[in-house]
Amino acid sequence: MNVDEICRAFGEWLEATGRFVPDVGEFLIGACGFLTARGMPFDRVTTHIKVVHPRTMSVWRIWRRDQPLEVHRPVRGAEMTAAFLRSPVKKVWHTGEWIDAPIRPGEEDRWAIVTDLRSQSFTHYMIGPIIFSNRQIHAISFATKQPGGFTAEEQEVMRRFTLKSAPIIETLALRNGMDNLLETYLGHETAQLLAQGQVTLGEGTQRRAALWYSDLRGFTSLTEGAPLEEVVQILNVYFGLAGAAADRHNGEIVQFIGDAILMFFAVTEEGGDTDACRRALMAATEARTELGRWNEARRATQEREIAFGLGLDLGNIIHVNVGGGTRQAFNIVGPAVNRAARLQELTKTLGRPLLTSSDFAGAIGDGMVSLGEHFLRGINLPIEVIEPSAALIASLPPLQQD
């Protein structure tokens, strides 16, 4: 094997192809394919990249010959488990040194991963550091089933591969990480708008959507009388249940406003108004059902229970970039947004947990019950206020429990 020739060819591949792939996973697929085609005996290659994310500790990508790429995202806290603390990934992250682990018959394995690979007929495992420009250490591993393991020349190719790839992997990891952060804190659609360059103040996208506006009941008294840690816990339960329901039904959270949530369910050409409103209603029903289960558990231990009021409407909105000075944000604007917020307020007066407009109810169809016309704060004319019947709620598909 001519090490210099392979590495030179790989460098040309990096310049012509590798630096243009969209993410670390595609890079790993392309790079491993390029090198195995030139004789490198890779049967398994993994990357272990730390990420800045509120829920995820790192992203582990596993390439195997002739198999789809696997992606795993260990959650925060996994770094404190006994299994991880004894892993070669942890060792490389901490020391920045290569670990060479030939898999020979009769030898005791130091690492659990080597024992797993031994059972799959692997003969050699190596893992080393990917060092980013800020000196942060990540990891990449190589394993083979080749009799006798990796040769000295093949190990040299692997080390050079890692050095040459580090700047590309860093760029892709930072890009992917920024996309994930934007989506986590701004929502999927807002993140896409920013990525597409919609950053001009006042620039927006018009659409039709079902609107959700909910507000936690008794939040002011809660913040006055409960420890702040409990307040935060309750907010996260409420936000989490609503957010999970939105995710299941393609809803987009626009803002957490104190203890209120504003989200929309976009009308699509395929589904129309009915589909968007039905998705919003299913999300609302599931969030309320899950909150009921949480309250039931709290009731058993005589802890504080919570509830929220919810207004649902349907209408045209603009998803727009607003702000002033150096601070900008995306928001949604339109009469339906205002009505949804006022319907939520009316839930307190009428003692109903969920109210909708007649436009929303008309899109749903049967099973909606009129509560008559009511004035909403800030709106000149009264509107007909509707609520879903118990029979309609019962007819919705139940949330599947894990």
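Conventions adopted
- Residues numbered from 1 in each chain as written.
- Predicted model: local features only at pLDDT ≥ 70, side-chain atom pairs only at ≥ 80, totals over all residues.
- Heavy atoms only, no water.
- Helix = DSSP H or I, 4+ residues; strand = E, 2+ residues; numbered from the N terminus.
- Rg over C-alpha atoms; globule rule 2.2 N^0.38 Å.
- Buried < 20%, exposed > 50% of the residue type's maximum accessible area, 1.4 Å probe, protein only.
- Contact = heavy atoms within 4.5 Å.
- Areas by Shrake-Rupley, 256 points an atom, 1.4 Å probe, with all protein chains shown as cover.
- Lys, Arg positive; Asp, Glu negative; His and termini not counted.
- Charge placed at Lys NZ, Arg CZ, Asp CG, Glu CD.
- Core = buried A, V, L, I, M, F, W, Y, C linked by side-chain atoms within 4.5 Å.

Visitor: Where do I start with the overall build of the protein in this structure?
Guide: A count of helical and extended segments in the protein gives 13 helices and 14 strands. Taking 21 Å as the expected radius of gyration for a compact globule of 402 residues, we find that the protein reaches 27 Å, considerably beyond that expectation. Along the first, second and third principal axes, the C-alpha atoms of the protein reach 85 × 50 × 40 Å. Out of the 402 residues in the protein, the part that is buried amounts to 47%. Taking the intrachain contacts of the protein between residues at least 6 apart in sequence as the baseline, contacts between residues at least 24 apart amount to 61%. On the protein, roughly 20500 Å² of surface is accessible, and the fraction owed to carbon and sulfur atoms is 51%. Side chains of the protein give 40 positive and 48 negative charges; the mean places of these two sets differ by 4 Å.

Visitor: Would you mind going over the nonpolar core with me for this structure?
Guide: Inside soluble globular proteins, nonpolar side chains tend to come together where they are buried. In terms of nonpolar packing, the biggest core is built from 43 residues, with Trp-212 and Phe-360 touching the most fellow members. Where this core is concerned, the elements lending two or more residues are strand S7 (204–216), helix H8 (219–225), helix H9 (228–248), strand S9 (260–266), helix H10 (272–300), strand S10 (308–324) and helix H12 (358–364). Per element, the largest residue contribution to this core is 10 residues, and it comes from H10. Phe-360 has contacts with Ala-210, Cys-277, Ala-280, Leu-281, Leu-312, Asp-313 and Leu-314, leaving out every residue within four places of it along the chain. Ranked by size, the runner-up nonpolar core spans 33 residues in total, among them Met-40, Ile-130, Met-158 and Ala-166.

Function cannot be inferred from these measures alone, as they are strictly geometric.
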